[in-house]
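Results of the structural survey
As a plain string of letters, each chain reads:
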Amino acid sequence: LRMSEEQTVSLVDVLEEDEELEEEASAVLAGSDSDHCSYPQGYVKRQALYACNTCTPKGGEAAGVCLACSYKCHEGHDLFELYTKRNFRCDCGNRKFAELQCKLYPEKEEVNSLNKYSHNFFGVYCTCSRPYPDPEDQVEDEMIQCVVCEDWLHGRHLGCVVPDCVELQEMICESCMNKNPFLWTYAAHLAVPGAAVQVKEETAADESNTNLPNKEEKGDDVIQPSCKRSREEAEPSCRLKELQVIDQKRVLSGAVFWPSAWRSKLCSCNTCQECLSVAGLSFLLDESDTVLAYENKGKNNEQRQQGHDPLMSALDNLNRVQQLEIIHGYNDMKTELKDFLQRFAAEGKV
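Along each chain, residues carry numbers from 1 onward, in the same order as the chain's sequence is written. Totals for whole chains, interfaces and linings use all residues, but because this is a predicted model, local features are given only for residues with pLDDT of at least 70 and pairs of side-chain atoms are given and counted only at 80 or more. As a rule here, side-chain values cover all heavy atoms of the structure and leave hydrogens and water aside.

This next bit is on unusual backbone geometry. For the peptide bond that leads from Tyr 132 to Pro 133, omega is -5°, which places it in the cis range. Along the chain, Pro 133 falls in the loop between strand E3 (79-88) and strand E4 (143-145). Positioned with a positive phi, Tyr 83 is a non-glycine residue whose angle comes to about 65°. Under the scheme used here, helices are H or I runs from DSSP no shorter than 4 residues and strands are E runs no shorter than 2 residues, and both carry numbers assigned from the N terminus.

Moving on, we get to helix H8 (residues 270-278). Along H8, the positions that sit buried rather than exposed are Thr 271, Cys 272, Cys 275 and Leu 276. The buried residues of H8 occupy an angular sector of 125° when projected down its axis, which confines them to one face. Backbone geometry just after H8 places Gly 280 at a positive phi near 75°. To sort residues, take the accessible area from a 1.4 Å probe on protein chains only and compare it with the maximum for the residue type: under 20% means buried, over 50% means exposed, and anything in between is partly exposed. Think of it as the arc spanned by the lines of direction from the helix axis to the C-beta atoms.

Judged by how many residues are buried, E3 sits mostly within the fold: 7 of 10 residues are covered. Any two strands are treated as partners once DSSP identifies two or more bridges connecting them. Across 7 bridges, the pairing between strand E1 (residues 44-52) and E3 is antiparallel. Counted as the bridge partner of Ala 51 is Phe 80 from E3.

Here, a salt bridge means any Lys or Arg side-chain nitrogen found within 4 Å of an Asp or Glu carboxyl oxygen. Across all of its chains, the model carries 14 salt bridges by this definition. In this structure, Asp 286 and Lys 45 form a salt bridge, with 2.7 Å as the shortest nitrogen-oxygen distance. Here Asp 286, found in the loop between H8 and helix H9 (291-306), pairs with Lys 45, found in strand E1; they are 241 residues apart in sequence, far enough to count as distant. Each of the salt bridges in this network shares a partner with another, and the network as a whole consists of Arg 46, Arg 86, Glu 150, Glu 170, Arg 263 and Asp 289.

Right under this line is the structure:
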């Protein structure tokens, strides 16, 4: 079939797009178990998650289910794909699901108290709280996930220019940066340069924003003493303190993009480790927490599974003559199919 010049799609284009989609799916899903509920593993470091709009609609309690439960327990339901989330335990069949029992692991506690939920679990994303894909939004825009709150934001709502090769970088949204002001100090030295970076005069109030993670005043009397002792011991080797002394200026607005391996450059002295823990950001010191690390793990799992081809296992149970007949038949079919499709590829047809 040949379409108009603008709409022509070649077989090569189709195959390349199909391969890209397959790789993306493998990266996300192959890192999770598609056969067994992840609940027995506890709060999984990172896994593919779904929210079921059929079982837990908006107005009720937010809940998330693992990959296996999305297949086995929620087949045919209206599901929201959440990509991946960290430190989450499968909710399928617990108290939040009034009329559904998990088919894979029904013995669950009523709630998973350490799970963190957001509006993503009701199918809306970004600061604009819109669904994705959005039938009312005609603007083509990519969604990028914040590595701290794990919400997905439209590129045009980040308050900065989205850099090239964004898939190899991590993003922290402006809201999370402002909640953890010490990150602005790191951003001035480690972040990907962009349109949001420029030199400006800072007030005393701005300078105070580059301190360690701020703690609520009510908690100072509880947390401050131990932090202070640690600070005195670790101060000579605290990288964050060294960067604060340099006092490099940066505009404190917009989302921030971080290059590969930026986490390895964060200070891990006792003071910073304690303060990151208080802020709930200890995962920033763990490079295996990244989505890229999870995806690479999924790709490696997929490659290992491909190494155990069920067809080859079946061939092992046949005698030599039967094996040769099947292999020759397969190769003949492969050659004929390739020749058939090659004609279409050469003519730019689908």
